[in-house]
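# Coordinates in review
Chain residues, written in single-letter form:
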Amino acid sequence: MDISGATAGQLLDAMNGGSLSATDVVNAHLDAISARDEHIGSLISVNADGALEAAAEIDRKRESGEPLGRLAGLPVAVKDNMCTQGTATTCASRMLENFVPPYDAHVVERLKAADAIIIGKANLDEFAMGSTCENSALKATRNPWNTDHTPGGSSGGSAAAVAARLVPLGVGSDTGGSIRQPASFCGVVGLKPTYGRVSRYGLVAFGSSLDQIGPFATDVSGAAALLEILAGHDPRDSTSVDCPVPEYTASLEQPLEGLRIGVVPEFFGDGLDAEVESAVKQAVDVYRSLGAEVIEVSLPHTKYAVATYYLVACSEASSNLARYDGVHYGHRAEQFENMIDMYAASRAEGFGTEVKRRIMLGVFALSEGYSDQYYLKALKVRRLIRNDFDTAFAQVDLIAGPVSPTPAVRIGELVNDPLKMYLSDVYTISANLAGIPGISIPAGFSSKGLPIGLQLLGGAFEEEKLLRAARMYEHGTDWHTKAPSVVS
Amino acid sequence: MLAPEDVRKVASLARLKLSDDEIAEFSEQLGNVLDYVEVLNELDVTDVEPMAHAAEVTNVLRDDVSRESLPREAALANAPKSDGRFFLVPQILENA
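Predicted model only: the values in this text are computed from it and were never measured.

Criteria and thresholds
- Residues numbered from 1 in each chain as written.
- Chains lettered and ligands numbered in written order.
- Predicted model: local features only at pLDDT ≥ 70, side-chain atom pairs only at ≥ 80, totals over all residues.
- Helix = DSSP H or I, 4+ residues; strand = E, 2+ residues; numbered from the N terminus.
- Rg over C-alpha atoms; globule rule 2.2 N^0.38 Å.
- Buried ≥ 20, exposed ≤ 12 C-beta atoms within 10 Å, placed from the backbone.
- Contact = placed C-beta atoms within 7 Å.
- Expected span 1.5 Å × (residues − 1).
- Arc of directions from axis to C-beta.
- Domains from an automatic or database assignment.
- Nonpolar A, V, L, I, M, F, W, Y, C, P; charged D, E, K, R; others polar.
- Axes fitted to C-alpha atoms, helices over the stretch in contact; angles between N-to-C directions.
- Parallel < 35°, antiparallel > 145°, perpendicular 65-115°, else oblique.
- Left-handed = near helix turned anticlockwise from the far one by under 90°.
- Core = buried A, V, L, I, M, F, W, Y, C linked by C-beta atoms within 7 Å.
- Pairing = 2+ DSSP bridges.
- Right-handed = clockwise from strand over helix to strand, strands pointing away.

What follows deals with the overall build of chain A. Each helix and strand counted, chain A has 16 helices and eleven strands in total. In summary, chain A has a C-alpha radius of gyration of 21 Å against a globular reference of 23 Å for 488 residues, a match within 12%. When its C-alpha atoms are laid out on the principal axes, chain A stretches across 65 × 55 × 45 Å. Out of the 488 residues in chain A, the part that is buried amounts to 61%. Of the contacts made within chain A by residues no fewer than 6 positions apart, 75% connect residues no fewer than 24 positions apart.

Structure below.
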């Protein structure tokens, strides 16, 4: 068995059946990391000793017949903006380069309780701000399908690690597309849950009304298994919603009867790459051939989503990042004149350009004399965007469309044009503004061999429907079985 | 284009010490973004209720019981400067 090339489900079956130990699985993935991550750069830190210790403990428990968690022995890469007690959590920022959290994030606790093994922390755009991972202050990550291209962002490290088969599962966070877009660029499955479905406790905050943690896997079944563990109520996050978590893996193989798929004309306008458009239309045809009804639905406020999102997200970011003051934790400048100057110098040295740009935009949008014109206005348009989805989901079960206007962008292509980078988030950010779930699944390749994703959006707390519909698509196609040539 | 003096004012509010080059760069880039967001002015939102949050939950309260907090040592472990009891900051009051 090619251990590092196997899916989460195959590995669990092999471990539960006794043909593989957790130690075998961890060793094979550590070998894959040593062999391939030098070129990919997906992980900021690797905890080899800790992973092997955890694997040995799982093998011991299995041997002695003790109960095991549902992800027992599966290696997971966690985006480095989620706190891991005793292990650095950098947010890919100079500000937090030496920050070692004194507690675990809720999702990290859940992973440990499920006996998953956190093998490493994955690269990201600094503080999750960006769409290419190029804003990481610590390292560059390359797309496993073509190393001249970016893996997407901000959860590009988690997506690339799963695509390169360094781990079967990854955890990311999605504020405006940061799970779905890198999943699309790297040809893996990535799901952003409904706002409130997964606790944000211990996730370093970017845009608190938008941030949501979710799974990456090579296939839908892996994403379903991981979401089952991540999701659920946590009183430590006041926006965590107290409603039962369905057994996503149990219903996954049941196709949806009478499925109504919405197609949004506003998603097929200017700026959409022809190959992406064609792949998405073919995917919709696959659903048609599986018996789904395809219905056109309008999201008339789509053209306002990018402007709304950047005002809301940057305003929240400017407030959240005010905590980095060089006093309690994080970087402190050596040279300063007084207390205020210490704050300003520490923040200037600790933050990268994109983070500064977004803080500046947010402070401006919230400042006296401007907040009604910018921030408040954006909050009102946000409701119009949400209302569009409510109207659409009265007519259809799910919306199918592109994830990103293009396949993976080249390294360096967007770094000097922030507005162009923001505009590339057009298909993903509405879901964050509305709080609804979305999934990206592999749906083909460009002529240059770069993956193309299909996005499915659902109503609030409809993750089960998204996963079942995504699994139907896998039955109709074999895109999810493709791995980049670096894996061999 | 956002005027450089406005960028300086925002940087001061944001507690960011920016170089002259950064001020020039942000004048242009933030100006472009602010021009772009003008698109929202096409919409009449007079009677629209602002939506601050996706999950519109009301106040969530916990029982008012004391719980264990982070031990002092752990809370201070990441401090850039500490004397083992407190976070240390530069002197704030003159002649103190």
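Having seen it, we continue.
Bringing helix α9 (residues 274-289) of chain A into the picture now. Residue and element names in this part refer to chain A. An ideal rise of 1.5 Å per residue puts 22 Å on 16 residues; α9 measures up with 22 Å between its terminal C-alpha atoms. Where α9 is concerned, the buried positions are Val276, Ala279, Val280, Ala283 and Tyr287. Along the axis of α9, the buried positions cluster into a sector of 95°, meaning they face one direction only. Opposite the buried face of α9, by more than 90 degrees, sit the exposed residues Ala274, Asp285, Arg288 and Ser289. Those residues of α9 hidden inside the fold are in contact with β7 (260-263), β8 (293-296), β9 (398-402), β10 (438-445), β11 (451-458) and α16 (463-476).

Residue and element names in this part refer to chain A. Mapped onto the elements of the fold, Arg260 is located in strand β7. For Arg260 and Val76, which are 184 residues apart along the polypeptide, the C-alpha to C-alpha distance reads 34 Å. Residues within four places of Arg260 in sequence aside, it is in contact with Ala292, Glu293, Ile295, Val396 and Asp397.

All right, on to the domain arrangement of chain A then. All names here are of chain A. Split by domain assignment, chain A resolves into domain 1 (8-261 + 395-481) and domain 2 (302-379). Each of domain 1 and domain 2 has a C-alpha centre, and the two are 27 Å apart. Listed by partner, the interface residues are 27 residues for domain 1 and 24 residues for domain 2. For the side of domain 1 that touches domain 2, the elements supplying multiple residues, two or more each, are α14 (418-423) and α15 (429-434). Its residues placed into classes, the side of domain 1 that touches domain 2 shows 15 nonpolar, nine polar and three charged.

Moving on, we get to the packing of helix α7 (residues 220-230) of chain A against α16 of chain A. Any two packed helices are characterised by the angle at which their axes cross and by the distance between the axes. Residues and elements named next belong to chain A. Following both chains from N to C, one finds α7 and α16 inclined at 160°, their axes separated by 9 Å at the closest point. Judged by the angle between their axes, α7 and α16 are roughly antiparallel. α7 and α16 meet at a crossing whose hand is left-handed. Residue-level contacts link Val220, Ala223, Ala224 and Leu227 of α7 to Glu463, Leu467, Ala470, Arg471 and Glu474 of α16. Along the lines of polarity and charge, the residues of the contact of α7 with α16 split into six nonpolar, no polar and three charged.

What follows is about the packing of helix α12 (residues 353-366) of chain A against helix α2 (residues 20-37) of chain B. Interhelical geometry of α12 of chain A versus α2 of chain B gives an angle of 60° and a closest axis separation of 11 Å. The pairing of α12 of chain A with α2 of chain B is recorded here as oblique in orientation. At the point where α12 of chain A passes α2 of chain B, the crossing takes the right-handed sense. Residues Arg357, Met360, Leu361 and Phe364 of chain A of α12 of chain A form the contact with α2 of chain B, whose participating residues are Phe26, Gln29, Leu30 and Val33 of chain B.

This part is about the nonpolar core. The nonpolar side chains of soluble globular proteins are, as a tendency, buried together. All names here are of chain A. Counting residues in hydrophobic clusters, the biggest one holds 176 residues, and the most contacted among them are Val76, Ile117, Val189, Tyr310, Leu311 and Met360. It is helix α10 (residues 305-320) that provides the largest number of residues to this core, a total of ten residues. Excluding residues within four positions of it along the chain, Val189 makes contact with Ala183, Phe216, Ala217, Thr218, Asp219, Val220, Ala223, Ile439, Ser440, Ile441 and His480.

Let us now look at the interface of chain B and chain A. Chain B puts 41 residues into the contact, and the matching count from chain A is 52 residues. If you list the elements that add at least two residues to the side of chain B that touches chain A, you get α1 (4-13) and α2 of chain B. The dominant element in the side of chain B that touches chain A, judged by the number of residues it contributes, is α2 of chain B, at seven residues. Across the side of chain B that touches chain A, the residue classes break down as 32 nonpolar, four polar and five charged.

What follows deals with helix α11 (residues 339-350) of chain A. With twelve residues, α11 of chain A ought to run about 16 Å at 1.5 Å a step, and its terminal C-alpha atoms sit 16 Å apart, in line with that. Within the sequence span of α11 of chain A, burial applies to Met342, Tyr343, Ala344, Ala345, Ser346, Arg347 and Gly350 of chain A.

The next point concerns unusual backbone geometry. Residues and elements named next belong to chain A. Of note, the bond from Gly153 into Ser154 is cis; its omega dihedral lies within 30 degrees of zero at 5°. Locating Ser154 in the fold gives a position in the loop between β3 (117-122) and α5 (156-163). One non-glycine residue, Ala92, lies in positive phi territory at about 55°. Mapped onto the elements, Ala92 comes out in the loop between β2 (75-79) and α4 (106-113). Positive phi, close to 55°, is recorded for Phe127, a residue that is not glycine. For Phe127, the location among the structural elements is in the loop between β3 and α5. Judged by local crowding, Phe127 falls into the buried class, with 29 C-beta atoms found within 10 Å.

Now for the sheet that holds strand β4 (residues 169-174) of chain A. Residues and elements named next belong to chain A. If you trace the eleven strands from one edge of the open sheet to the other, you get β1-β3-β2-β4-β6-β5-β10-β11-β9-β7-β8, paired in mixed fashion. Two strands close off the open sheet at either side, each with one partner strand: β1 (43-46) and β8. Geometrically, the sheet is characterised by an average inter-axis angle of 30° between neighbouring strands, direction not taken into account. Bridge count between β10 and β11: six bridges; the pairing is antiparallel. The partner of Ser440 across the bridge, within β11, is Gln455.

Residues and elements named next belong to chain A. Within the secondary structure, Val171 is located in strand β4. Looking at Val171, the number of C-beta atoms within 10 Å reads 31, which means it is buried. Linking Val171 and Val26, residues 145 residues apart in sequence, is a C-alpha distance of 17 Å. Residues within four places of Val171 in sequence aside, it is in contact with Val76, Val78, Lys79, Met82, Val107, Ser158, Ile213 and Pro215.

Attention shifts here to the pairing of β3 of chain A. Residues and elements named next belong to chain A. With six of six residues buried, β3 is to be regarded as a mostly interior element. Judged from the three bridges that link them, β1 and β3 form a sheet pairing that is antiparallel. Counted as the bridge partner of Ser45 is Lys121 from β3. Sheet topology places β2 next to β3; five bridges connect them, and they run parallel. Counterpart to Ala77 in the pairing with β3 is Gly120. A crossover connection joins β2 to the parallel β3 through α4; in handedness this β-α-β unit is right-handed.

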